[in-house]
Amino acid sequence: TLFRSKACGSTWNNFYLTGDSSSSSQFYVTVGVFAFLYCIGALIVYVGYMYSYQESKKLPLIDFVVTVIFAFLWLVSSSAWATGLTHVKFSTNPSHVIASMGLNCTMQPNHCYPLSESSMGSLNVSVVFGFLNLILWGGNAWFVYKETNLHTPPPVAPSSQVPGNVPPSSGM
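Residues numbered from 1 in each chain as written. Predicted model: local features only at pLDDT ≥ 70, side-chain atom pairs only at ≥ 80, totals over all residues. Heavy atoms only, no water.

Asks: Explain the overall build of the protein chain here, please?
Replies: Secondary structure assignment for the protein chain yields 5 helices and 2 strands. Across the protein chain, helices and strands are ordered from the amino to the carboxyl terminus as β-β-α-α-α-α-α. Burial status across the protein chain gives 22% buried among its 172 residues. For the protein chain, long-range pairs separated by at least 24 residues make up 70% of all intrachain contacts whose partners lie at least 6 apart in sequence. A total accessible area of about 12300 Å² is found for the protein chain, and carbon and sulfur atoms account for 67% of it. (Helix = DSSP H or I, 4+ residues; strand = E, 2+ residues; numbered from the N terminus. Buried < 20%, exposed > 50% of the residue type's maximum accessible area, 1.4 Å probe, protein only. Contact = heavy atoms within 4.5 Å. Areas by Shrake-Rupley, 256 points an atom, 1.4 Å probe, with all protein chains shown as cover.)

Asks: Looking at this structure, how should I read the nonpolar core?
Replies: Considering soluble globular proteins, one finds that nonpolar side chains tend to be buried as a cluster. Ranked by size, the top nonpolar core spans 11 residues in total: Tyr28, Val31, Ala35, Phe70, Ala71, Trp74, Trp81, Leu85, Met120, Val127 and Trp137. When residues in this core are grouped by element, the largest group, 5 residues, is from helix 3 (residues 58-91). Each residue touching Val31, except ones within four places of it in the same chain, is listed here: Phe70, Leu73, Trp74 and Ser77. (Core = buried A, V, L, I, M, F, W, Y, C linked by side-chain atoms within 4.5 Å.)

Asks: Please clarify how the side chain of Ser126 should be interpreted in this entry.
Replies: Summarising the element assignment, Ser126 is placed in helix 5 (residues 121-147). Within polar-contact distance, the side chain of Ser126 engages the backbone oxygen of Leu123 at 2.6 Å. Apart from the residues lying within four places of it in its own chain, the contact partners of Ser126 are Tyr28 and Trp81. (Polar contact = N/O pair within 3.5 Å; in protein donor to acceptor, adjacent residues only side chain to side chain.)

Next comes the structure, spelled out in structure tokens:
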């Protein structure tokens with residue numbers, strides 16, 4: 001329930017927000033929680049098992065793929081949350097709320113006015129931080145890409161040449 005109203009001596013009425021923006025906010029928070037858990041796991045691998053990480057060919061590639069997926073998820077979830085926040089702002093706009101009550105507020109003695117407006121500043125900041133996370137994870141993807149064998153080919157094993165053994169010429 002958004003609020004309860006009793007207008008002009010009538011009974012109390014419940015008024016609700018139009019639309020449902022809970023799924024976009026839940027998706028945004030879920031991506032944030034999973035990103036945090038992945039960061040904790042990656043930190044443990046980087047600090048505790050760095051030698052195994054550097055020796056493995058698959059771990060850096062898996063890390064790169066997961067990082068790219070998280071960058072994409074931050075893009076999608078931040079965009080969804082920005083759209084959901086726009087819907088919340090519209091639904092909680094005092095002029096929209098008064099209009100949804102269906103009252104004629106211009107006739108005397110009805111005076112409809114909001115007592116206060118809700119501040120959306122912290123919600124706007126959350127959207128900005130979501131897009132900053134997108135930039136952060138995209139930049140991180142570049143550094144993880146440089147660790148994979150896609151960027152730097154694996155080192156070539158030294159050939160088994162003995163002194164005096166000359167490799168065959170290319171035939172020029």
